[in-house]
Amino acid sequence: MKNFVHTIMTPLGNLVASADDEFITSLDFTDEPMNTQNSDHPLLLCLEKELQEYFAGKRRDFTLPLAPKGTPFQKGVWDTLRTIPYGDTISYAKEAERFGNPKAVRAVGSANGRNPIAILIPCHRVIASDGTLGGYSGGIEKKKFLLQLEKETLSGRVLM
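Starting from 1, residues in each chain are numbered consecutively following that chain's sequence as written. With pLDDT at 70 or above as the cut-off, local features in this predicted model cover only qualifying residues; side-chain atom pairs require 80 or more to be listed or tallied, and sums for whole chains, interfaces and linings still use all residues. Note that the side-chain values use all heavy atoms of the structure and ignore hydrogens as well as water.

**Student:** Even after reading the chapter, I still don't get the sheet that holds strand β2 (residues 13–19), so can you show me in this structure?
**Tutor:** The strands making up a sheet associate through backbone hydrogen bonding, with each pair oriented either parallel or antiparallel. Pairing between strands is defined by DSSP: at least two bridges between the two strands are required. Put simply, DSSP H or I for four residues or longer makes a helix, DSSP E for two residues or longer makes a strand, and each gets a number counted from the N terminus. Read from one edge to the other, the open sheet built from three strands follows the order β1-β2-β3, with strand pairing classed as antiparallel. Each of the sheet's edge strands pairs with one partner strand only, and the pair in question is β1 (4–10) and β3 (24–30). The mean angle between the axes of side-by-side strands here comes to 20°, regardless of whether they run parallel or antiparallel. Pairing analysis gives seven bridges linking β1 to β2, with the strands arranged antiparallel. The residue of β2 that forms the bridge with Met-9 is Asn-14. The contact criterion used is simple: two residues touch if any of their non-hydrogen atoms lie within 4.5 Å. To obtain each axis, a line is fitted to C-alpha atoms, and for helices this fit is confined to the stretch in contact; angles are then taken between N-to-C directions over 0 to 180 degrees. Contacts from helix α1 (residues 42–55) reach β1, β2 and β3 within the one sheet, and its direction differs from that of β1 by about 15°.

Here is the structure:
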């Protein structure tokens, strides 16, 4: 199966997206300059449009088919992440409980850290039980920005 790649500029820097013929397979932050030929695959162009709408405060849900690569456990955790409503946050403990294994808090947190599709699989919505932000593979400042964007959009005050 062929892999298509597209770099998307956002207020948080560049995101590199990958897709196969049918699914978005990854979306990750990068500090690398854009040095690859951008694919014009329809899924990737639609992803770019939906991300632009998200960052403009005009989109809360993504419509694209996703196929993240991971273990069955990781995929289950990522499915749980996708149930967290836009603008909401939950703790890692609550996520483990929703996942169906309340004792797996560390394993769930580890799976979050391996999430290959940033933003669309919203691991940025998971925070520590004490209310602090916890970790984020894209960096804590990006997590803070995404949570603030969603909060501002829900309140009617869009950042962009």
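After that view of the structure, there is still more to cover.
**Student:** Would you mind going over the packing of helix α2 (residues 72–81) against helix α3 (residues 92–99) with me for this structure?
**Tutor:** Two packed helices can be described by the angle between their axes and the distance between those axes. With their axes 9 Å apart at the nearest point, α2 and α3 run at an angle of 110° to one another. Between α2 and α3, the interaxial angle falls into the category roughly perpendicular. Along its contact with α2, which presents Phe-73, Gly-76, Val-77, Thr-80 and Leu-81, the element α3 presents Glu-95, Arg-98 and Phe-99. Across the contact of α2 with α3, the residue classes tally to four nonpolar, two polar and two charged. By definition in this entry, angles of less than 35 degrees are roughly parallel, angles greater than 145 are roughly antiparallel, angles of 65 to 115 are roughly perpendicular, and the rest are oblique. In this classification, Asp, Glu, Lys and Arg are treated as charged, Ala, Val, Leu, Ile, Met, Phe, Trp, Tyr, Cys and Pro as nonpolar, and every other residue, Gly included, as polar.

**Student:** Sorry, what's going on with the packing of aromatic side chains here?
**Tutor:** Each pair of aromatic rings is reported with the distance of its centres and the angle of its planes. Aromatic rings from Phe, Tyr and Trp, taking only the six-membered ring of Trp, are treated as a pair when their centres fall within 6.5 Å; an angle between ring planes under 30 degrees marks them as stacked, one over 60 as edge-to-face, and anything in between as tilted. Evaluation of the coordinates by the stated rule reveals six aromatic pairs. When the ring of Phe-29 is compared with that of Tyr-136, the centres are 6.3 Å apart and the planes differ by 70°; the resulting orientation is edge-to-face. With a gap of 107 residues between them, Phe-29 in strand β3 and Tyr-136 in the loop between β5 (126–127) and α5 (140–155) connect regions that are remote in the sequence. Residue classification places Phe-29 among the buried residues on the basis of a relative accessible area of 14%. Accessibility here uses a 1.4 Å probe with only protein chains present; expressed as a share of the type maximum, an area under 20% marks a residue as buried, one over 50% as exposed, and anything in between as partly exposed. Assessed through its relative accessible area of 12%, Tyr-136 is described here as buried. With centroids separated by 5.5 Å and ring planes inclined at 40°, the aromatic side chains of Tyr-54 and Phe-62 adopt a geometry described as tilted. For Tyr-54, a relative accessible area of 0% translates into the label buried. Taking the relative accessible area as the measure of exposure, Phe-62 reaches 18% and is therefore buried. Grouped by ring-pair contacts, the aromatic residues Tyr-54, Phe-55, Phe-62, Tyr-86 and Phe-145 constitute a single cluster.

**Student:** Help me out: how do you make sense of the pattern of salt bridges in this one?
**Tutor:** Any two side chains of opposite charge can pair if their charged atoms end up close together. We define a salt bridge as a side-chain nitrogen of Lys or Arg found within 4 Å of a carboxyl oxygen belonging to Asp or Glu. Applying the stated criterion across every chain yields a total of six salt bridges. Between Glu-150 and Arg-125 there is a salt bridge, with its nearest N and O atoms 2.9 Å apart. A residue pair is termed long-range when its members are at least 10 positions apart, and Glu-150 in helix α5 and Arg-125 in the loop between α4 (105–113) and β5 qualify at 25 residues. Taken individually, Glu-150 and Arg-125 each receive the classification buried, so the pair is uniform in this respect. Connected through salt bridges with shared partners, the residues Lys-49, Glu-50, Glu-53 and Arg-59 form a single ionic network.

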